[in-house]
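Working through the structure, step by step
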Amino acid sequence: MALKDLSPRQMVQITAAWLDPERERPLLVSLKRCAPLIDDIEAAHDGILKSHRPPKKANDELAAIQQKQVATDQVHDRKARGAHAVLTGFADLADDPEDAAIYLEIRDQLFADGLKFISASYSDEAGEVKLARDRLTPESKAALKALPTPGGNLLKAVQAWFAAGDELGKLDARRVHLEAQDRPGAADPRGGQLRARNRWIKVMRSVLQMLELEEADAETTRRLLAPLERETAKAERRRANGKETDAEDIAPPAAGGAGEPATDGEAPAAGVDRRAGPDGRPS
């Protein structure tokens, strides 16, 4: 039987019949060599379904994270630019050179490399906030608190910048965690489907071997093999005609998915995805 020619639709049709208590499951359970394979059959069946299932929940969460990153980054950049500009302006306006030097010193504590970091990745911005917070001395905090701004003082504005940077770090860590999960629609959709396919084929071969050893009666064997023989015959006709599908194999089961390249080889692990956020920033 050409198991490698079966589409995912056909695979789940076959194992659905074997697992259905109203169809062929009681027959499999009654055979001592085949009964222990029920769990493997269920796992292989579920693997095909899951590998073709749209990851709506994960994708929705990723989209929400990316939207929040954009909004938080706007606050981060605005507060950082404002604090840098205010400290530079106060230094220019100060008539006392010592006062001007104090403002410039505070600015350099907060912005050791200027404002270059605001065009970096979200994780880099979060890291820069940690460095800036550590560089800021108690004396500098007191001086910032004494400088008025709309709605408060400059220390309050700097703390808002810090808070936005911390939030960017948390959001980016959550994004990385979601994208690292092995699920369809992430970095490795085809690899996950191919692994599920290979597992299903291995389980089917085990069932066929055990069924042969069982020496079951002709009726039991016919009923168990009927779904497999029917679907493999369709797959062979499809291959012979050079078609991707035929009239009997158009509609997949409700929980199924689209087909994939038919192969019996093992799937290597796919690569790692990197973020390019909505603003085009690299991870």
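The residue numbers shown here count from 1 along each chain, following its written sequence. Under the rules for a predicted model, residues below a pLDDT of 70 receive no local features and side-chain atom pairs below 80 are neither given nor counted, while totals for whole chains, interfaces and linings still include all residues. Hydrogen atoms and water are omitted, and side-chain values are computed over all heavy atoms in the structure.

Here we take up the confidence of the model for the protein chain. Where the model shows low pLDDT, its predicted coordinates should not be examined in detail. The quantity called pLDDT is the predictor's confidence in a given residue, expressed from 0 to 100. Per-residue confidence for the protein chain gives a mean pLDDT of 81, with 79% of residues at or over 70. Long-range and interchain partners of residues 182-188, a stretch whose pLDDT sits below 50, account for 20 contacts in this model, where long-range means more than four residues apart. When checking whether two residues touch, look at their non-hydrogen atoms; a contact exists if any pair is within 4.5 Å. Across residues 244-280 the pLDDT falls below 50, and counting only partners more than four positions away or on other chains, this stretch makes 80 contacts in the model.

Our focus in this paragraph is the environment of Val75. Helix and strand labels come from DSSP, where a helix needs a run of H or I of at least four residues and a strand needs a run of E of at least two; each type is numbered from the N terminus. Examined against the element boundaries, Val75 turns out to sit in helix α4 (residues 56-93). Residues Val75 and Ala160, 85 residues apart in the sequence, show an inter-C-alpha distance of 8.1 Å.

Attention shifts here to helix α3 (residues 38-51). The end-to-end C-alpha distance of α3 is 20 Å, a good match for the 20 Å that 14 residues give at a rise of 1.5 Å each. Classification of residues uses two cut-offs on accessible area relative to the type maximum, computed with a 1.4 Å probe and protein chains only: under 20% is buried, over 50% is exposed, and between them is partly exposed. The complete set of buried residues in α3 reads Ile38, Ile41, Ala44, His45, Ile48, Leu49 and Ser51. Given a helix with a known number of residues, its expected span is that number minus one, times 1.5 Å.

A pair is scored as a salt bridge if a Lys or Arg side-chain nitrogen falls within 4 Å of a carboxyl oxygen belonging to Asp or Glu. Going through the model one piece at a time under the given rule, you end up with 12 salt bridges. Residue Glu42 pairs with Arg25 through a salt bridge whose shortest N-O separation is 2.9 Å. Of this pair, Glu42 sits in helix α3 while Arg25 sits in helix α2 (residues 25-30), and the two are 17 residues apart along the sequence. The class of Glu42 is partly exposed, set by a relative accessible area of 27%. Asp40 is the partner of Arg199 in a salt bridge, and the nearest nitrogen-oxygen pair spans 3.4 Å. Of this pair, Arg199 sits in helix α9 (residues 189-214) while Asp40 is found in helix α3, placing the two residues 159 residues apart along the sequence. Residue Arg199 is classed as partly exposed on the basis of its relative accessible area, which comes to 41%.

Let's shift gears to the packing of helix α5 (residues 97-110) against helix α6 (residues 122-135). For any two helices packed against each other, the geometry is given by the interaxial angle and the distance between the axes. Orientation is described by axes fitted as lines to C-alpha atoms, over the contacting stretch for helices, and by angles from 0 to 180 degrees between their N-to-C directions. In the contact formed by α5 and α6, the axes pass within 7 Å of each other and the chain directions differ by 140°. Here α6 runs oblique to α5, going by the angle between their axes. Across the interface between the two elements, Asp108, Gln109 and Leu110 of α5 pack against Glu128, Ala132 and Arg135 of α6. Charged means Asp, Glu, Lys or Arg here, nonpolar means Ala, Val, Leu, Ile, Met, Phe, Trp, Tyr, Cys or Pro, and polar covers whatever is left, Gly included. Taken together, the residues of the contact of α5 with α6 break down into 2 nonpolar, 1 polar and 3 charged. Roughly parallel refers to an angle under 35 degrees, roughly antiparallel to one over 145, roughly perpendicular to one between 65 and 115, and oblique to any angle outside these ranges.

Moving on to the nonpolar core. Definition used in this section: a nonpolar core is a set of buried Ala, Val, Leu, Ile, Met, Phe, Trp, Tyr and Cys residues joined via side-chain atoms within 4.5 Å. Within the largest apolar cluster, 28 residues are counted, with the highest numbers of intra-cluster contacts made by Leu3, Leu6, Trp18, Leu28, Ile41 and Trp200. Contributing elements (two or more residues each) for this core: α1 (8-19), α2, α3, α9 and α10 (218-241). Ile41 has contacts with Thr15, Trp18, Leu19, Leu28, Val203 and Val207, leaving out every residue within four places of it along the chain. Judged by nonpolar contacts, the second largest core, of 23 residues, contains Ala83, Phe111, Phe117 and Ile118.

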